[in-house]
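Summary of the model geometry
Residues per chain, in single letters:
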There are 2 protein chains.
Amino acid sequence: MAKDRKIRMAFAGLGSRHHGMLEVLSWTGLADVVAVCDVYADRVEYTINKVKEWYPGVTVHGYTDYKEMFEKEDLEAIYISTSWATHARIAIEAMKHGVMPAMECGGGNSLEECWELVRTYETTGTECMFLENCCYGREEMTILNMIKHGYFGEVVHCQGGYEHDLRNEIVYGRERRHYRFGNYLNKCADFYPAHALGPIMKFLDINNGNRMLSLTSTASKAVSLHAYLEKERGENYDGTDLKFKEGDVVSTVIKCARGETILLTHDTSCPRPYSRGGRVQGTGGIWMEDNASIYLDGISKKAEAWEPFQQYMDDPKYEHPLWTEFRGSGVKGGHGGMDFLVLSAFCECVKNKLRPPVDVYDAASLMCITPLTEASISCGSAPVAIPDFTGGRWFEKKTPVVSKYALDDVYPERYDIKPKTENE
Amino acid sequence: MAKDRKIRMAFAGLGSRHHGMLEVLSWTGLADVVAVCDVYADRVEYTINKVKEWYPGVTVHGYTDYKEMFEKEDLEAIYISTSWATHARIAIEAMKHGVMPAMECGGGNSLEECWELVRTYETTGTECMFLENCCYGREEMTILNMIKHGYFGEVVHCQGGYEHDLRNEIVYGRERRHYRFGNYLNKCADFYPAHALGPIMKFLDINNGNRMLSLTSTASKAVSLHAYLEKERGENYDGTDLKFKEGDVVSTVIKCARGETILLTHDTSCPRPYSRGGRVQGTGGIWMEDNASIYLDGISKKAEAWEPFQQYMDDPKYEHPLWTEFRGSGVKGGHGGMDFLVLSAFCECVKNKLRPPVDVYDAASLMCITPLTEASISCGSAPVAIPDFTGGRWFEKKTPVVSKYALDDVYPERYDIKPKTENE
């Protein structure tokens, strides 16, 4: 394949998320968008016009049926930002057509579906990437780099959350055709574990020497969305009768095979400033996102006193080399640059047929958290087992991928980590 | 009883904690210390000299057997700061002698012992107070005041922790006769839930219209104390062979009858700055101790942006009136003033025969968390039921105590809350 040839990509699910990513992808210059798909025809038409604007000279076709699209188009990759419920089924169909899917963040529907993702990859050999953009956040990558270089000693506990006031988006989802509405109305679970858990899985070598064994999950009462509706729209709005099932705060604790614990928080129905609530704690120190601080035993200047994390991020000794390079070249793209990086990582995998940094086993491990938290909550916070999607291979190290976007190993070519041979 | 007569108090357990409290109590001018007791004779002798210095003119007797002390002395109250394992048994003996105990913070040994505390109170009629000083912290009291006045709307979730680097105290406890050593070596539980849970119980009306129903608890691996010993003392110290059982971070999630969730963290074996990790979240806003910030929907100036909590604490509109008064009179005593307040509250209850702000039902509810977390951890984080120590009365409001130290109702005489009669 010519080095500068662009990959042929489709976009499925043309809501608000795809819009930003369509533009960011055009800045990478790595792909042409040749087909777009959504069940709503108005969105297809809108997006075709955006493709014409952002990808001049590219011929793009529109579809309202993704199966028809796979039959008719010659695709190499597909970006999936449909409703959560349909990520897996479209990704499975894509793999069966030899098209590599990038699934946007979102929880799975069932364990069975997570297994089907894995089985389809193993049968077809088509890779599948979970597009966890926060794995490429500057804070998260600096922490990943510092953990792999031992600054936290032996890590014992991590925390993360999706702590985001989405009240407006949720309660008016009915009018705006947004799937959050139906989910919050009918289910109680951690709907959105990926932003917190994706980076933590890389911190803790999940599916690469470690795995998640079990979890318990507990939901608070669900009253904040109703309070919001009453306040915002008054008593005459019919929505004030709605009884949302999703607990306002869902707390989940995961235990790992190597003994680490992970605390996940899903907190999207209450008024609050945004946070991903990151925390990493080890025998050598602690990082905490909520006060933007770090403390490292023997490195921090004053005993038991926080230091600003910013000064560590700004130091190439600690910062992840991908970010040092990215900042040097001028940060581009949405969400502080992480969208640009995650799309670049995906395109590199498609083009060079690499195992993606968040692969199908990681995708299944992330997505299964949603049905498992639902199960635990339904059973009074009973512990539930988390499957080993690797089929017993989790305690072996994956063969390293030599890529600057790698997350399982830190920038292997720079640190001279050589891929192992089969017999090692 | 003459208004200015001092109560006759004993001190049991003469380790480091009692020392500060003995001096702070002398500043209150509310009590005479007439007897002191410890199993170590050297500590008894040391403390007798301190009493002579801080309580001039008071005759004090020393004991190494608390039962002998109860037989021989004419006491009204006893302050208990022995090892955790003996708080309850001494308090029970005290109540049987008509002596009101103040138990220092610490977890219970068993559910049965918590029940025995309750039964002894119900049989003897002697009140018993759990000396949770953090209930009187300025942050905690401001939050209590704000919750009771509705600024957080309906509260749905609280967090708290005991996050304190105690590595030195724990691993050298053997040499220093400190009971933490044996506990960390042999048990895995949340040893110290009170600083976090005490204030939260008051925030959520526990045993006063609400109760804690069940919990799950999960412990991380235990590696930090060993890493500390290896680093501090080198390989030749015999302590480096010690295998501590206590997980480095213990995460516990409690579900309440009214639907709130409580997250407790016990984190005392890793290097870190001190925190009690407080968080309160409701339909109206959020307070977070770790970034010293608050956000209130419709009150905070900018949408989804934190404001410094200090400016709320400094405003008499939000600050608890006890603290406004306390600051006006010049804050005294240890731990930022909370020790002075909690001892003053205790002395007031003894003198005026009042139900204490943290009473025997609250004490049992706090102390049972330790054996229950141990049970849950032992059973793979299985949910365990939390007893209703009130015998079915938890959903009735307690008769308010008209006292400026009251915690179940906010400063009732100022807010004109009248005690209910029996028939109301």
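Residues numbered from 1 in each chain as written. Chains lettered and ligands numbered in written order. Predicted model: local features only at pLDDT ≥ 70, side-chain atom pairs only at ≥ 80, totals over all residues. Heavy atoms only, no water.

This part is about the interface of chain B and chain A. Counting residues at the interface gives 50 residues for chain B and 50 residues for chain A. Between chain B and chain A the total buried area reaches about 4100 Å² when both faces are included, carbon and sulfur atoms providing 56% of it. At the boundary of chain B with chain A, the tally comes to 12 salt bridges. In this structure, B:Asp290 and A:Arg279 form a salt bridge, with 3.5 Å as the shortest nitrogen-oxygen distance. Summed over the shared surface of chain B and chain A, the result is 18 residue pairs in polar contact (both at pLDDT 80 or more). Of all the elements in the fold, those that place two or more residues in the side of chain B that touches chain A are strand 7 (155-163), strand 8 (212-219), helix 11 (224-233), strand 9 (249-256), strand 10 (261-267), strand 11 (279-282) and strand 12 (285-288) of chain B. Class assignment of the residues belonging to the side of chain B that touches chain A gives a composition of 18 nonpolar, 16 polar and 16 charged. (Contact = heavy atoms within 4.5 Å. Buried area = accessible area lost by both parts, 1.4 Å probe. Salt bridge = Lys/Arg side-chain N within 4 Å of Asp/Glu carboxyl O. Polar contact = N/O pair within 3.5 Å; in protein donor to acceptor, adjacent residues only side chain to side chain. Helix = DSSP H or I, 4+ residues; strand = E, 2+ residues; numbered from the N terminus. Nonpolar A, V, L, I, M, F, W, Y, C, P; charged D, E, K, R; others polar.)

A few words on the relation of the copies chain B and chain A. Of the transformation placing chain B onto chain A, the axial shift is 0.0 Å and the rotation is 180 degrees, giving an RMSD of 0.0 Å. Such a combination of rotation and displacement between the chain copies is what one expects of a two-fold axis. Judged by C-alpha distance, B:Asn291 is the residue of chain B that lies nearest the rotation axis, at 2.4 Å. (Least-squares fit on C-alpha atoms with pLDDT ≥ 70 in both.)

Residue and element names in this part refer to chain A. Taking strand neighbours across the sheet as the criterion, the 9 strands line up as 14-13-12-11-7-10-9-8-15 in an open arrangement whose pairing is mixed. Looking at strand neighbours, the two that pair on one side only are strand 14 (307-308) and strand 15 (384-385), the edges of this open sheet. Bridge count between strand 12 (residues 285-288) and strand 13 (residues 293-296): 4 bridges; the pairing is antiparallel. Its bridge partner lying in strand 13, glycine 285 is registered against leucine 296. Its contacts with the sheet put helix 10 (residues 194-203) on strand 7 (155-163), strand 8 (212-219), strand 9 (249-256), strand 10 (261-267) and strand 11 (279-282), and the angle it makes with strand 7 is roughly 160 degrees. (Pairing = 2+ DSSP bridges. Axes fitted to C-alpha atoms, helices over the stretch in contact; angles between N-to-C directions.)

Turning our attention to the sheet that holds strand 3 (residues 61-63) of chain A. Residues and elements named next belong to chain A. Strand order across the open sheet formed by 6 strands is 3-2-1-4-5-6, with parallel pairing between neighbours. A single partner strand is all that each edge strand has here, and the edge strands are strand 3 and strand 6 (129-130). Direction of pairing for strand 1 (residues 7-12) relative to strand 4 (residues 77-80): parallel, over a ladder of 4 bridges. By the bridge assignment for strand 4, methionine 9 is matched with alanine 77. Sheet strands in contact with helix 4 (residues 87-96) are strand 4 and strand 5 (100-103), and its direction is about 165 degrees off that of strand 5.

Residue and element names in this part refer to chain A. For helix 14 (residues 338-352), spanning 15 residues, the distance from its first C-alpha to its last is 21 Å, which sits close to the expected 21 Å at 1.5 Å a residue. The buried fraction of helix 14 amounts to 14 of the 15 residues, a majority that puts the element mostly inside the structure. A positive backbone phi angle near 50 degrees is found at lysine 353, which sits one or two residues after helix 14. (Expected span 1.5 Å × (residues − 1). Buried < 20%, exposed > 50% of the residue type's maximum accessible area, 1.4 Å probe, protein only.)

Our next topic: the packing of helix 5 (residues 111-124) of chain A against helix 15 (residues 360-367) of chain A. Residue and element names in this part refer to chain A. Where helix 5 meets helix 15, the closest approach of the two axes is 9 Å, and the angle between their N-to-C directions is 175 degrees. As far as their axial angle goes, helix 15 and helix 5 are roughly antiparallel. Within the contact between the two elements, helix 5 uses Cys114, Leu117, Val118, Tyr121 and Glu122 and helix 15 uses Val360, Tyr361, Ala364 and Met367. Partitioned by chemical class, the residues of the contact of helix 5 with helix 15 number 8 nonpolar, no polar and 1 charged. (Parallel < 35°, antiparallel > 145°, perpendicular 65-115°, else oblique.)

It should be kept in mind that the predicted coordinates are not to be read in detail where pLDDT is low. Residue and element names in this part refer to chain A. When pLDDT is averaged along chain A, the result is 93, and 96% of the positions lie at 70 or above. In this model residues 415-424 is a low-confidence stretch, pLDDT under 50, and it forms 16 contacts with partners more than four residues away in sequence or in other chains. For this predicted complex, the interface confidence score (ipTM) comes to 0.95, while the overall pTM stands at 0.95. (pLDDT = per-residue confidence, 0-100.)

Below, the discussion takes up the environment of B:Glu116. Residue and element names in this part refer to chain B. By secondary structure assignment, the location of glutamate 116 is in helix 5 (residues 111-124). It is 7.6 Å that separates the C-alpha atoms of glutamate 116 and isoleucine 92, two residues lying 24 residues apart in sequence. Every residue in contact with glutamate 116, bar those within four places of it in the chain, is listed here: Ile92 and Lys96.

Here the focus is the pattern of salt bridges. Tallying each qualifying case throughout the model produces 72 salt bridges over all chains. In this structure, the salt-bridge partner of A:Asp205 is A:Lys148, at a minimum N-O distance of 2.5 Å. Note that A:Asp205 is positioned in the loop between helix 10 and strand 8 and A:Lys148 in helix 6 (residues 138-148), a separation of 57 residues in sequence. For A:Asp205, a relative accessible area of 12% puts it in the buried group. Residues B:Arg177 and B:Asp42 are paired through a salt bridge, measuring 3.0 Å at the closest nitrogen-oxygen approach. Of this pair, B:Arg177 sits in the loop between helix 8 (173-176) and helix 9 (180-186) while B:Asp42 sits in helix 2 (residues 41-54), and the two are 135 residues apart along the sequence. B:Arg177 sits in the partly exposed class, given a relative accessible area of 36%.

So, on to the pairing of strand 8 of chain A. Residue and element names in this part refer to chain A. The element strand 8 is extensively covered by neighbouring structure, given that 6 of its 8 residues are classed as buried. Where strand 8 and strand 15 come together, 2 bridges link them in antiparallel fashion. Bridged to serine 214 within strand 15 is alanine 385.

Another aspect to go through is the side chain of A:Asp339. All names here are of chain A. Looking at the secondary structure, you find aspartate 339 in helix 14. Residue class for aspartate 339 comes out buried when judged on its relative accessible area of 3%. Looking at aspartate 339, its side chain comes within polar contact range of the side chain of asparagine 133, at 2.9 Å.

This part covers the state of the cysteines. Counted under the stated rule, the structure contains 0 disulfides over all chains. With no disulfide of its own, A:Cys158 lies closest to A:Cys256 among cysteine sulfurs, the gap being 8.0 Å. A disulfide-free cysteine, B:Cys134 has its sulfur positioned 6.6 Å from the sulfur of B:Cys105, the nearest such atom. (Disulfide = S-S within 2.5 Å.)

Residues and elements named next belong to chain B. If you check helix 2, its first and last C-alpha atoms are 20 Å apart, about what 14 residues at 1.5 Å a residue would give, namely 20 Å. Of all the residues in helix 2, the buried ones are Arg43, Val44, Thr47, Ile48, Lys50, Val51 and Trp54. Down the axis of helix 2, the buried set is contained in an arc of 165 degrees. They therefore lie on one face. Opposite its buried face, helix 2 presents the exposed residues Ala41, Glu45 and Lys52, each directed more than 90 degrees away. Its buried side turned inward, helix 2 meets helix 1 (16-28), strand 2 (31-37), strand 3 (61-63) and helix 8. (Arc of directions from axis to C-beta.)

Turning our attention to the packing of aromatic side chains. All names here are of chain A. Scanning the entire structure with this criterion turns up 34 aromatic pairs over all chains. Ring centres 6.3 Å apart and planes at 80 degrees place the aromatic pair tyrosine 66 and phenylalanine 70 in the edge-to-face group. Of this pair, tyrosine 66 and phenylalanine 70 both sit in helix 3 (residues 66-72), 4 residues apart, roughly one helical turn. Residue classification places tyrosine 66 among the buried positions, given a relative accessible area of 18%. Residue classification places phenylalanine 70 among the buried positions, given a relative accessible area of 4%. Site record: aromatic cluster; members linked through ring pairs are Trp84, Tyr162, Tyr179, Tyr184, Phe191, Tyr192 and Tyr274. (Phe/Tyr/Trp six-rings, centres within 6.5 Å; stacked < 30°, edge-to-face > 60°.)

Moving on, we come to the side chain of B:His87. Within the secondary structure, B:His87 sits in helix 4 (residues 87-96). Not counting chain neighbours up to four residues away, the residues in contact with B:His87 comprise B:Ile80, B:Ser81, B:Thr82, B:Met103, B:Glu104, B:Cys105 and B:Gly106.

Residues and elements named next belong to chain A. As a packed pair, helix 1 (residues 16-28) and helix 2 (residues 41-54) sit with axes 10 Å apart at the nearest point and diverge in direction by 20 degrees. Here helix 1 lies roughly parallel to helix 2, going by the angle between them. Crossing of helix 1 over helix 2 shows right-handed handedness. Contacts between helix 1 and helix 2 involve His18, His19, Leu22, Glu23 and Ser26 from the former and Tyr46, Thr47, Lys50, Val51 and Trp54 from the latter. Per-class residue counts for the contact of helix 1 with helix 2 are 4 nonpolar, 4 polar and 2 charged. (Left-handed = near helix turned anticlockwise from the far one by under 90°.)

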